[in-house]
Amino acid sequence: MNTKPFGKTGASVSVIGQGTWYLDHGDRKRAIAALQRGLDLGMTHIDTAEMYGDAELVIADAIAGRRDEVFLVSKVLPSNASRRGTITACERSLKRLKTDRLDCYLLHWRGSYPLEDTVAAFEELVKAGKIKSWGSNFDADDLDEILDAAGEHRIACNQVLYHLKERAIEHAVIPWCERHGVAVVAYSPFGHDDFPASNSKGGAVLARIAEARRATPRQVALSFLTRATTVFAIPKASSAEHAGDNAAAGDLVLTKDEIAALDAAFPRGPKPRGLPML
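Engineer: Whenever I open this one, the sheet that holds strand 7 (residues 155–161) confuses me. Can you help?
Structural biologist: In sheet architecture, strand pairing relies on hydrogen bonds along the backbone and comes in two forms, parallel and antiparallel. The strand order 3-4-5-6-7-8-9 describes an open sheet built from seven strands, whose pairing is parallel. At either end of the open sheet lies a strand with only one pairing partner, and these are strand 3 (45–47) and strand 9 (231–233). Taken pair by pair, the neighbouring strands of this sheet meet at an average axis angle of 25°, ignoring direction. Judged from the three bridges that link them, strand 5 (residues 104–107) and strand 6 (residues 134–136) form a sheet pairing that is parallel. Within the sheet, the bridge partner assigned to L107 lies in strand 6 and is S136.

Engineer: Can you help me understand the state of the cysteines in this one?
Structural biologist: Put plainly, a disulfide is one covalent bond tying together the sulfur atoms of two cysteines. Inspection of the entire model under this criterion finds zero disulfides. No disulfide involves C104; its nearest neighbouring cysteine sulfur is the one of C157, lying 4.9 Å away. Free cysteine C177: the closest other cysteine sulfur is in C157, separated by 8.2 Å. Among the residues examined, C177 registers a relative accessible area of 0% and is labelled buried.

Engineer: Looking at this model, I keep getting lost on a nonpolar patch on the surface. Mind explaining?
Structural biologist: A cluster of nonpolar residues, M51, W109 and M277, forms a patch on the protein surface that exposes about 270 Å² of accessible area. Tracing the sequence through the fold places M51 in the loop between strand 3 and helix 2 (55–62).

Engineer: How should I be thinking about the packing of helix 2 against helix 3 (residues 83–97) in this particular structure?
Structural biologist: To describe two helices that pack against each other, one gives the angle between their axes and the distance between the axes. Running from amino to carboxyl end, helix 2 crosses helix 3 at an angle of 45°, the nearest separation of the two axes being 7 Å. As judged from the angle between their axes, helix 2 and helix 3 are oblique. Across the interface between the two elements, E56, L57, I59 and A60 of helix 2 pack against S93, R96 and L97 of helix 3. Tallied by class, residues from the contact of helix 2 with helix 3 come to four nonpolar, one polar and two charged.

Engineer: What's the story with the packing of helix 3 against helix 4 (residues 115–127) in this structure? I'm lost.
Structural biologist: The N-to-C vectors of helix 3 and helix 4 enclose an angle of 45°; their axes lie 8 Å apart at closest approach. Taken together, the axes of helix 3 and helix 4 lie oblique to each other. Seen along the crossing, helix 3 lies across helix 4 with a hand that is right-handed. Contacts between helix 3 and helix 4 involve R83, T86, I87 and C90 from the former and D117, T118, A120, A121, F122, E124 and L125 from the latter.

Engineer: Explain helix 9 (residues 240–248) to me, please; I cannot follow it from the model alone.
Structural biologist: In an α-helix, one turn spans 3.6 residues, which is why side chains three or four residues apart end up on the same side. Of the residues making up helix 9, those classed as buried are A243, N246 and A247. Take helix 9 and look down its axis: the buried residues cluster within an arc of 100°, on one side only.

Engineer: Sorry if this is basic, but what is going on with helix 10 (residues 256–265) here?
Structural biologist: Inspection of helix 10 places E258, L262 and A265 among the buried residues, and these make up the whole buried set. Mapping the buried residues of helix 10 onto a view down its axis gives an arc of 60°, with all of them on the same face. The outward face of helix 10, more than 90 degrees from its buried face, is lined by the exposed residues K256, D257 and A264. Buried residues along helix 10 sit in contact with helix 7 (201–213) and helix 8 (217–225).

Engineer: What should I look at first to understand the side chain of N158 in this one?
Structural biologist: Residue placement: N158 occurs in strand 7. Filtering out sequence-adjacent residues up to four positions away, N158 remains in contact with S136, N137, F138, L143, V173, C177, V182, A183, V184 and V185.

Engineer: Would you explain the pairing of strand 7 in this entry?
Structural biologist: Every regular strand shows the same layout, with side chains that alternate between the two sheet faces. With seven of seven residues buried, strand 7 lies mostly within the body of the structure. Handedness of the strand 6-helix 5 (residues 140–150)-strand 7 crossover: right-handed. Two strands pair when backbone bridges link them, and strand 7 and strand 8 (residues 183–187) are joined in this way by five bridges, in the parallel orientation. Across the sheet, L161 pairs through a bridge with Y187, a residue of strand 8. With helix 6 (residues 173–180) bridging strand 7 and the parallel strand 8, this β-α-β connection has right-handed handedness.

Cut-offs and rules
- Residues numbered from 1 in each chain as written.
- Predicted model: local features only at pLDDT ≥ 70, side-chain atom pairs only at ≥ 80, totals over all residues.
- Heavy atoms only, no water.
- Pairing = 2+ DSSP bridges.
- Helix = DSSP H or I, 4+ residues; strand = E, 2+ residues; numbered from the N terminus.
- Axes fitted to C-alpha atoms, helices over the stretch in contact; angles between N-to-C directions.
- Disulfide = S-S within 2.5 Å.
- Buried < 20%, exposed > 50% of the residue type's maximum accessible area, 1.4 Å probe, protein only.
- Patch = residues over 30% accessible without salt bridge, like charges linked within 9 Å, V, L, I, M, F, W, Y side chains within 5 Å.
- Areas by Shrake-Rupley, 256 points an atom, 1.4 Å probe, with all protein chains shown as cover.
- Salt bridge = Lys/Arg side-chain N within 4 Å of Asp/Glu carboxyl O.
- Parallel < 35°, antiparallel > 145°, perpendicular 65-115°, else oblique.
- Contact = heavy atoms within 4.5 Å.
- Nonpolar A, V, L, I, M, F, W, Y, C, P; charged D, E, K, R; others polar.
- Left-handed = near helix turned anticlockwise from the far one by under 90°.
- Arc of directions from axis to C-beta.
- Right-handed = clockwise from strand over helix to strand, strands pointing away.

Below, the structure is given as structure tokens:
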């Protein structure tokens, strides 16, 4: 599994991590097995959130005895993101995850509380050793605002929607993060039940490259999305076998010609008015 520097945190993190949205909706033992298989294969970046139901509880069981292997991320809901509320939410997540610290803690999306209050809470949590770094799920304009509140090199990560059919973050968000040393984490990298069909034009390009590289179309997609040095991806796996398929993408490096072919097959389109979200 290839790794990259995660922003300015000093941590080296697996290019492909593990998302956990809806993880608690299926069989618990199967979910735990998938996470543990992912860890075995080097997908040590596990992402969750207080919004994800009982996902934090499932993760706690999956990482029991293995916490030091994991780069663990959770998120605070905007409705909880006051200075006091952020600290309380973090402490609640730590308890549910059965750990004493998070490697990164994110503001799930922009809410009504002043960013200065949320940033102050994040910094208080860092000083207390309860989180090692923090970040957001923001568009470039909001990133400018939180940068003003926090200063350079405090924002570790920006997590955003990014998949082959939704490349809007390439216009402004990725360049912003590259300029400021911020890691970009792609959530829902296969789309939301919208992965390119094999009989579509783009799907045919994916299939051709996958066959040539003895890979799967999803592995090719993950490699394309993480081609930039700042970008990581956190696909969810529903089984240990699925986790193995995702992990294999962490060693796949596409050629310039393959990247150009995918770029043409899945054009990024015009710059959007706002940040795409699910």
